[in-house]
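Here is how the chains run, residue by residue.
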Amino acid sequence: MTEKRYKKLKCAEDLTRLVERHYAKARYFRFGQPLAWVTSGAPVELLRAMDVFPVYPENYGALCGARGEAVALCQAAEAQGYSGDLCSYARSSLGMMSQGKKAPLGGLPRPNLLVCCNNICGTVLKWYEAASRFYDTPLFVLDTPFIHDQLTEYSIQYVAAQLQELVRFVQKHTGRRLNQNKLKEIISYSNQATALWQEIRELCRARPSPLNAPDLFVNMAPIVVLRSTKEAVGFYRQLHAEVQERVQRGIGAIPQERYRLVWDNIAIWYRLYRFYSYFVDRGACFVADTYTGGWAMQLQAGEPFECLARTYTSVFLNQSLEYRGQLLLDLIQHFSADGFVMHSNRSCKPYSLGQYDVMRQVSQRCRVPGVIIEADMCDSRVYSEEQVKTRIQAFMETLDAAG
Amino acid sequence: MAHPFLDSCRDWPARYPNRRAIGYLCTYVPEEILHAAGFVPVRLLKANDAIAHADAHLQSYCCALARSALDQALAGKLGFLEGMVFPHTCDTIQCLADVWRVNFPGLFVTTIVQPVAVEGPHAQSYLVAELRRFLRRLEDRFGISVTDEALGDGIRVHNRTRQLLGQLSLRREQVPATTYFDILRASTLMPKEEFNDLLAEMLLAMDSSLLAKNESTEKSCSSRFLTTENAENTEKKVKISARSACSAVKSLFFSGVKNEPRGENAFTTSKVTSRRPRLILVGPYLDDPSLLKLIHGLGGQVVADDVCTGSRYFETPVSEDGDPVQALAQRYLERRPCPCKAGSLPRRSEALIGLAKVHQAEGVVFVLPKFCDPHAWDYPPLAQALDKAGVPHLLLETEQTVSGEQMRTRIQAFLEMISYQ
Ligand code: SF4
Ligand code: SF4
């Protein structure tokens, strides 16, 4: 069992329960609460403050990927004419829609609303429009202008004005009103959860690192799907205590930490453990990554609509290559990493195109080696075990030589 | 075969030694503003050369247009461009803008982040602010000041281009498909005033030959009831007058270009009066006339399109009244949307069915380059809408390992199928 190479967290079961409860609630125990499908970068605080229950099709895609069930869903989407080159979360979702309850995990419950924010990519726009046609469900598109250089005042105003529209949209379709006090409370949960998640990630500066990439990927689920809930805060408190204890007792995530690495891009879900075990075997631990940190953004104080606008427009995937390169560089330095691995994820063009230039720049500037692995987050058909192994081996040799 | 305009970026500086140029890729870039700032907007398209440099920067799953454009720049073929402007359209362009910046650090590389929710109530004021920022950047970088008069002028010149191209499109069936696309290509490379004059001249030339033809078409119609010999004669006359219009086009647009398309004169094969299946093309861009030649050679006829290098380029004029920046913003929000825009599908689908009706099209051909997400997303629902409307359609995926022969067979089968319907 490759999982033996990973020290299991005590709160792993709590996490499983938490996520299961979330899906069970979404399906059976909403008691009339309207359900919205939302993108991972949607301003969910507003929705929760209007008593809307959010579910995340991207998370569903990741779950199916990790269970090895995404390919069948992708094939179902391809049979409807959708190209096999489109994002595999989106294809999984389209496949799931057509399979109904026969889909893995019983599929996602039918949405009453769709809320799509393009701060992560343009794919979600097309995907949510397809869902809107399929379910004949109203869709709200929150347009957050991409930041090639700085966030402008008029962008913030533009997004804030749309957030007001979003409130009207939700009210119109659900009859629920925005509760300002609840919004404050929810924003505070959001901030507590993200602060804890951020601290947990910070703890990985310790040598040996208490967590490895698969831990980060698995434990990020609540910061996405349950962000802004009391449950998420509770879970991250527990996780924080456990990770802190590991640090105090000098317990590392992997048996022998020789190298510290930083990861870029979404996980290769269908190989989550096996892929990283190639690194574990050689004493390499992923102490940080660009992806799971993306959801550690704090909502600033002030007028809530403007803060939400500012925060959600500034998510890292909505910012330039230069910004993301700097982020990677900062992580490498902050976490004293010896190298970095970039997953060239053919599903996710906005995250992946440009990685070659980032790699060159980053290795030049902080003098640590990097490698690019070609794969896909959910579609295992494009994954070549042999190729991946060869690349990792060559990279580890470079590390050995540099070390 | 090298197409004169595919590589024409290369000899652009030789053709227009006294002009300044800024490059762009997508029709969401307001050329009017570049014009007002004293630049000729030059649209980059995919070149035929094999990719030599871009592989080190863009993965294989990036569309060929982006890869080729970057490749041309890295190969030093675009040294005459004093800048590049990227609008916000697809994720690929978004990344390409940043990759360009990284690789050409001294160059003026700027972006216009157009709204995606173009129908939203706040899109207009946002876009106006964004366009003004773009203007300021141009001014700061080049030490110029762009007046409202200059903007108004840019708008009028481009409206004229749109109007002339619109007129040309009405005569589309008299122009061979490849020539039609060549002229469109020329419109995105040449200084607009120069282009406008040439096209106006050509339309005149066409009209006079058309006049002759109309007469003869009339005659040929009536002659059907007379002798076949007569009909043949008039057919010949049509061909001759059309041929002279064609050589006029060529001398107007392609003068001084090496690699003149091989002797073959497309006009001679265009039989207006014949029964050719009428087709509509849909896709992001057409970079290479060989597909059009193939369709034509197999007996098809392209009568309309929804292609960014086709009609989508010249539709929707800009209002010439009021504040020019407001007017520009309005045009770019109201034009027939590209698939990257929110809510675009119903409008595209309606427009496509409308086109099919108006042009009495018998089939739709989707030309989808590999890895073009936005168009790939719209293909299944558009195909479905066409099915419902009873319009047959064909999907041609380009940049694939599909051989020319396979492509030919597919088109042929499609044409046969629709001919028998
Ligand atoms: S994986 Fe990338 S393309 Fe797919 S939904 Fe996420 S951000 Fe968008
Ligand atoms: S719209 Fe399609 S063809 Fe155009 S740049 Fe984007 S991916 Fe490439």
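Keep in mind the model is a prediction, meaning the values are calculated, not measured.

Chemist: Hey, could you run me through the packing of aromatic side chains in this one?
Modeler: One pair of aromatic rings is described through two measures. These are the centre distance and the angle between the planes. One pass over the full model with this rule turns up 31 aromatic pairs over all chains. Aromatic pair Tyr28 of chain A and Phe29 of chain A: ring centres 6.2 Å apart, planes at 65°, arrangement edge-to-face. Looking at Phe29 of chain A, the relative accessible area reads 46%, which means it is partly exposed. Taken together, the ring pairs in this structure connect Phe217, Trp269, Tyr291, Phe316 and Tyr351 of chain A into an aromatic cluster. The cationic tip of Arg335 of chain B hangs over the ring face of Tyr28 of chain B; the distance from NZ or CZ to the ring centre is 4.3 Å.

Chemist: Any chance you could explain the pattern of salt bridges here in plain terms?
Modeler: Side-chain pairs of opposite charge can arise where the charged atoms are in close proximity. Enumeration according to the criterion identifies 48 salt bridges over all chains in this entry. For Arg274 of chain A, the salt bridge is made with Glu385 of chain A, and the minimal N-O distance between the two is 3.1 Å. One end of the pair, Arg274 of chain A, is in helix α12 (residues 272-280); the other, Glu385 of chain A, is in helix α17 (residues 385-402), with 111 residues separating them in the sequence. You can call Arg274 of chain A partly exposed: its relative accessible area is 38%. Between Arg172 of chain B and Asp305 of chain B there is a salt bridge, with its nearest N and O atoms 2.8 Å apart. Taken together, the residues Arg172 of chain B in the loop between α6 (148-170) and α7 (177-187) and Asp305 of chain B in strand β6 (residues 301-307) connect sequence positions 133 residues apart. By the burial criterion, Arg172 of chain B is buried, and Asp305 of chain B matches it. Among the charged side chains, a network of salt bridges with common partners joins Lys126 of chain A together with Asp306, Arg312, Glu315, Arg336, Arg348 and Asp378 of chain B.

Chemist: Hey, could you run me through the interface of chain A and chain B in this one?
Modeler: Note on interface size: it is often stated as the accessible area lost on association of the parts. At the interface, 49 residues of chain A touch 48 residues of chain B. Here chain A meets chain B over a buried area of about 4,100 Å², counting both sides, of which 59% is carbon and sulfur. Its largest share of buried area at the contact with chain B, chain A owes to Lys126, Tyr154 and Leu353 of chain A, together 17% of the area lost on that side. At the junction of chain A and chain B, the tally comes to six salt bridges. Between Asp149 of chain A and Arg133 of chain B there is a salt bridge, and its shortest N-O distance comes to 3.6 Å.

Chemist: So what exactly am I meant to see when it comes to the site of ligand 1 here?
Modeler: Inspection of the region around ligand 1 gives Glu58, Cys87, Tyr89, Ile120, Cys121, Thr123, Val124, Trp127, Ile266, Ser347, Cys348 and Met377 of chain A as its neighbouring residues. Classifying every residue of the shell around ligand 1 by side-chain character gives nine nonpolar, two polar and one charged.

Chemist: Any chance you could explain a nonpolar patch on the surface here in plain terms?
Modeler: A surface patch of nonpolar side chains, amounting to about 440 Å² of accessible area, comprises Tyr28, Phe29 and Phe31 of chain A. Assignment of secondary structure puts Phe29 of chain A in the loop between α1 (12-27) and β1 (35-38).

Chemist: What's the story with the packing of α1 of chain A against helix α11 (residues 230-248) of chain A in this structure? I'm lost.
Modeler: When two helices pack together, their arrangement is given by the angle between the helix axes and by the axis-to-axis distance. All names here are of chain A. Between α1 and α11, whose axes approach to 11 Å, the crossing angle comes to 170°. With respect to α11, the axis of α1 lies roughly antiparallel. Contact with α1, carried on its side by Asp14, Leu15, Leu18 and Lys25, involves Glu231, Phe235 and Gln238 of α11 and no other residues of that element. Grouping the constituent residues of the contact of α1 with α11 by class yields three nonpolar, one polar and three charged.

Chemist: Mind showing me how you'd approach the layout of surface pockets here?
Modeler: The gaps of empty space that remain are located by a probe, the size of a water molecule, rolled over the atoms. Residue and element names in this part refer to chain A. When its volume is computed, the largest pocket comes out at roughly 1,200 Å³. In terms of lining residues, the largest pocket is bounded by 41 residues, among which Leu15, Thr16, Leu63, Ala66 and Val218 are the most central. Elements with a contribution of two residues or more to the lining of the largest pocket: α1, α3 (57-66), α9 (213-219), α10 (221-225) and α12. Residue contributions to the lining of the largest pocket peak at nine residues, all from α1. Class assignment of the residues belonging to the lining of the largest pocket gives a composition of 26 nonpolar, five polar and 10 charged.

Chemist: Looking at this model, I keep getting lost on empty space enclosed by the protein. Mind explaining?
Modeler: Following the criterion strictly, the structure yields 16 cavities of 30 Å³ or more and no others. As a volume, the largest cavity reaches approximately 490 Å³. Taken together, 35 residues form the lining of the largest cavity, with Thr89, Cys90, Cys340, Cys372 and Pro374 of chain B sitting closest to its centre. For the lining of the largest cavity, the secondary structure elements donating two or more residues are α6 (123-135) of chain A together with α3 (64-74), α4 (91-103) and α15 (373-389) of chain B. When residues of the lining of the largest cavity are assigned to their parent elements, the largest contribution, four residues, is made by α15 of chain B. Across the lining of the largest cavity, the residue classes tally to 22 nonpolar, eight polar and five charged.

Chemist: Quick question: what am I supposed to make of the environment of Ala36 of chain A here?
Modeler: All names here are of chain A. Checked against the element boundaries, Ala36 lands in strand β1. According to the relative accessible area criterion, Ala36 is buried, its value standing at 0%. C-alpha of Ala36 to C-alpha of Gly294: the two residues are 258 residues apart in sequence and 22 Å apart in space. Once residues lying within four places of it in the same chain are set aside, the contact partners of Ala36 are Val52, Phe53, Pro54, Val55 and Leu113.

Chemist: Got a minute to help me understand α15 of chain B in this structure?
Modeler: Every α-helix carries 3.6 residues per turn, so stepping three or four residues along brings you back to the same face. Residue and element names in this part refer to chain B. Given a rise of 1.5 Å per residue, 17 residues ought to cover 24 Å, and the 25 Å separating the end C-alpha atoms of α15 matches this to within 8%. The largest bend in α15 amounts to roughly 35° and is located at Tyr379, with the proline Pro380 lying one to four residues further along. Within α15, 13 of the 17 residues are buried, which leaves it mostly tucked inside the rest of the structure. In the segment just after α15, Gly390 is the residue with positive phi, at about 75°.

Chemist: Would you explain the pairing of β6 of chain B in this entry?
Modeler: Along any regular strand the residues' side chains alternate between the sheet's two faces. Residue and element names in this part refer to chain B. Of all seven residues in β6, seven are buried; the element is thus mostly enclosed. With six bridges connecting them, strand β5 (residues 278-283) and β6 associate as parallel partners. What sits directly across from Leu281, in β6, is Asp305. Note on the crossover from β5 through helix α11 (residues 290-297) to β6: the handedness is right-handed.

So, how was this worked out
Residues numbered from 1 in each chain as written. Chains lettered and ligands numbered in written order. Predicted model: local features only at pLDDT ≥ 70, side-chain atom pairs only at ≥ 80, totals over all residues. Heavy atoms only, no water. Phe/Tyr/Trp six-rings, centres within 6.5 Å; stacked < 30°, edge-to-face > 60°. Buried < 20%, exposed > 50% of the residue type's maximum accessible area, 1.4 Å probe, protein only. Lys NZ or Arg CZ within 6 Å of the ring centre and 35° of its normal. Salt bridge = Lys/Arg side-chain N within 4 Å of Asp/Glu carboxyl O. Helix = DSSP H or I, 4+ residues; strand = E, 2+ residues; numbered from the N terminus. Contact = heavy atoms within 4.5 Å. Buried area = accessible area lost by both parts, 1.4 Å probe. Near = heavy atom within 4 Å. Nonpolar A, V, L, I, M, F, W, Y, C, P; charged D, E, K, R; others polar. Patch = residues over 30% accessible without salt bridge, like charges linked within 9 Å, V, L, I, M, F, W, Y side chains within 5 Å. Areas by Shrake-Rupley, 256 points an atom, 1.4 Å probe, with all protein chains shown as cover. Axes fitted to C-alpha atoms, helices over the stretch in contact; angles between N-to-C directions. Parallel < 35°, antiparallel > 145°, perpendicular 65-115°, else oblique. 1 Å grid on protein atoms, 1.4 Å probe; cavity = no way out; pocket = protein on both sides within 12 Å on 5 of 7 lines; lining within 4 Å. Points joined across faces, edges and corners; volume = space filled by probe spheres on them. Expected span 1.5 Å × (residues − 1). Bend = angle between axes of the 7 residues up to and from the residue. Pairing = 2+ DSSP bridges. Right-handed = clockwise from strand over helix to strand, strands pointing away.

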